[in-house]
Amino acid sequence: MPPIREGDALVRTGRALRLVLLIALALLFLVPFYLLVRNGLATEQDITSPDWTFFPSSLQWGNLRELFADTSVPFARSLLNSALIAVATTLGTLLLASLAGYGLARIPYRHANKVFYAILGTLMVPAAVTFVPTFVLVSSLGWVSTLRGLVVPTLFSAFACFIFRQYFLGFPGELEDAARVDGLGYWRTYWLVVVPNARPVFAAVGTIVFIGAWNSFLWPLVIGQDRNAWTVQVALSSFTTSQVVRLHELFIAAAVSIVPLLVVFLLFQRWIVAGVERSGID
């Protein structure tokens, strides 16, 4: 057996230390999820008890049934609303932002840079400045407590437009040249050539937009004034009021609400990583 050289020992020690560090960070990252599941399957007494146990002696699976049977909070309806809003917002944002990014990057136009800088300038405007005017506009259109009022004002994202524009600047021009030789214009080139070859960046940006739309709270709280228009985040806030605090329902509801996000991440994980590498998202 050949002797272990000092350099090899240092490399193995470094790898072992990195592995230990990654495991420790992973466990630390999983602590909030553990608390959600643990408290969601416990009684109010177990949650507030000073004697902490890793898991309650009796898991309260009935908390899940109680959550969806609670008539004061339409949680199932809220999940459906959040899903519709998140999917519609994601699809609309990807369409608008990718078209804008492609146009700014690939279609010759002498004012393209000025338009791009104007779009970037909107990122510097605080959301609080446009919140009231947007609400007044949506209210005047009669879109309060409607899907249109919850989705349309959030469709365009300057950040997504920036990411697409930067990505399309580095898109292989040979593919577009081949499409033009075949007689395709900008529109058909975008749909038939660019979009199929840009799936990673679409997945990365789409996931970011989906998570943002799913976790949005303030705008759905103001616009979704009817109980049937509540989203998941608004429904979660209703479990803690000045009159009552239902901790076990709050925790189990929070655990259920993150399941769609985990599913989306697992489904698009490979494309998300590739999209982040190609687009330079930090």
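Whatever comes next refers back to the structure up there.
In what follows, the accompanying structure is described.

Rules behind the numbers
- Note that residues are indexed from 1 along each chain, following the sequence as it is written.
- Local features in this predicted model are restricted to residues of pLDDT 70 or higher, and side-chain atom pairs are both shown and tallied only at a pLDDT of 80 or more, whereas totals for entire chains, interfaces and linings draw on every residue.
- To obtain the side-chain values, all non-hydrogen atoms of the structure were included, while hydrogens and water were left out.
- Elements are defined by DSSP. Helices are runs of H or I of four residues or more, strands are runs of E of two residues or more, and each kind is numbered from the N terminus.
- What the globule rule says is 2.2 Å times the number of residues to the power 0.38, and the radius of gyration is computed from C-alpha atoms.
- Buried means the residue's accessible area, taken with a 1.4 Å probe over protein chains only, is under 20% of the maximum for its type, while exposed means over 50%, and partly exposed covers the values in between.
- For this analysis, residues touch if any pair of their heavy atoms sits within 4.5 Å.
- Here the Shrake-Rupley method, with its probe set to 1.4 Å, supplies the accessible areas, and only the displayed protein chains count as covering residues.
- Think of it this way: Lys and Arg go in the positive column, Asp and Glu in the negative one, and His and the chain ends go nowhere.
- To locate a charge, take NZ of a lysine, CZ of an arginine, CG of an aspartate or CD of a glutamate.
- To be clear, the arc concerns the directions from the helix axis to the C-beta atoms.
- By nonpolar core is meant a set of buried Ala, Val, Leu, Ile, Met, Phe, Trp, Tyr and Cys residues that side-chain atoms within 4.5 Å join together.
- Each pair of aromatic rings taken from Phe, Tyr and Trp, with Trp reduced to its six-membered ring, is defined by centres within 6.5 Å and is described as stacked if the planes are under 30 degrees apart, edge-to-face if over 60, and tilted in the remaining cases.
- As a reminder, the over-ring test applies to NZ of lysine and CZ of arginine, requiring each to be within 6 Å of the ring centre and within 35 degrees of the ring normal.
- In protein, a polar contact requires one atom able to donate a hydrogen and another able to accept it; more generally it is a pair of N or O atoms within 3.5 Å, and residues adjacent in sequence count only if both atoms are side-chain atoms.
- Helix axes are fitted only over the stretch in contact, all axes being lines through C-alpha atoms; the angle between N-to-C directions runs from 0 to 180 degrees.
- Oblique is the label for any angle not under 35 degrees, not over 145, and not in the 65 to 115 range, which are roughly parallel, roughly antiparallel and roughly perpendicular in turn.
- In the scheme used here, Gly and all other residues not listed as nonpolar or charged are polar, with Ala, Val, Leu, Ile, Met, Phe, Trp, Tyr, Cys and Pro taken as nonpolar and Asp, Glu, Lys and Arg as charged.

1. Focus: the overall build of the protein chain
Argument step 1. In terms of regular secondary structure, the protein chain is built from 15 helices and zero strands.
Argument step 2. The C-alpha atoms of the protein chain give a radius of gyration of 24 Å, which is well past the 19 Å a tight globule of 282 residues would have.
Argument step 3. The proportion of buried residues among the 282 residues of the protein chain is 37%.
Argument step 4. Summarising the internal contacts of the protein chain: among those between residues at least 6 apart in sequence, 73% fall at separations of at least 24.
Argument step 5. Surface exposure of the protein chain reaches about 16800 Å², of which carbon and sulfur atoms provide 68%.
Argument step 6. Each charge class in the protein chain was averaged separately, 19 positive and 15 negative side chains, and the resulting centres sit 9 Å apart.

2. What about helix α5 (residues 112–122)?
Residues lying three or four places apart along an α-helix face the same way, a consequence of the helix completing one turn every 3.6 residues.
Argument step 1. Considered for burial, the residues of α5 that qualify are Ala112, Phe116 and Ile119. All buried residues of α5 project into a common sector of 60° when viewed along the axis, lining one side. Exposed and oriented more than 90 degrees from the buried face of α5 are Lys114 and Tyr117.
Argument step 2. Summarising the contacts, the buried residues of α5 are in contact with α4 (75–106) and α8 (158–169).

3. Concerning the nonpolar core
Argument step 1. Core analysis: the biggest nonpolar cluster contains 24 residues, and Phe164, Phe168, Val201, Phe202 and Val205 have the highest contact counts within it.
Argument step 2. Only α4, α5, α8, α10 (186–197) and α11 (199–215) provide two or more residues apiece to this core.
Argument step 3. Considering each element in turn, this core owes the most residues, seven residues, to α8.
Argument step 4. By size, the runner-up hydrophobic cluster in this structure holds 21 residues, among which are Phe75, Val232, Phe239 and Val264.

4. A word on the packing of aromatic side chains
Argument step 1. Evaluated as defined, the whole model comprises 19 aromatic pairs.
Argument step 2. Here Trp187 and Trp191 contribute two aromatic rings whose centre-to-centre distance is 5.8 Å and whose plane-to-plane angle is 75°, an arrangement assigned as edge-to-face. Of this pair, Trp187 and Trp191 both sit in helix α10, four residues apart, roughly one helical turn.
Argument step 3. You can call Trp187 exposed: its relative accessible area is 52%.
Argument step 4. The class of Trp191 is partly exposed, set by a relative accessible area of 39%.
Argument step 5. The rings of Tyr102, Phe164, Tyr167, Phe168, Phe171, Trp187, Tyr190, Trp191 and Phe202 are connected pair by pair, giving a single aromatic cluster.
Argument step 6. It is Arg38 that lies over the ring of Trp52; its NZ or CZ is 3.8 Å from the centre.
Argument step 7. Between the NZ or CZ atom of Arg165 and the centre of the ring of Phe116, over which it lies, the distance is 3.9 Å.

5. Quick word on the side chain of Asn81
Argument step 1. Within the secondary structure, Asn81 is located in helix α4.
Argument step 2. At 2.8 Å, the side chain of Asn81 and the backbone oxygen of Asn228 are in polar contact.
Argument step 3. When near neighbours in sequence (up to four residues on either side) are disregarded, Asn81 contacts Asn228, Ala229 and Trp230.

6. A few points about the packing of α8 against α11
Argument step 1. Contact pair α8 / α11: the axes reach a minimum separation of 11 Å and the direction vectors enclose 170°. Relative to α11, the element α8 lies roughly antiparallel. Contacts between α8 and α11 involve Phe159, Ala160, Ile163, Phe164 and Tyr167 on the former and, on the latter, Val201, Phe202, Val205 and Ile208.
Argument step 2. Of the residues that constitute the contact of α8 with α11, the class distribution is nine nonpolar, no polar and no charged.

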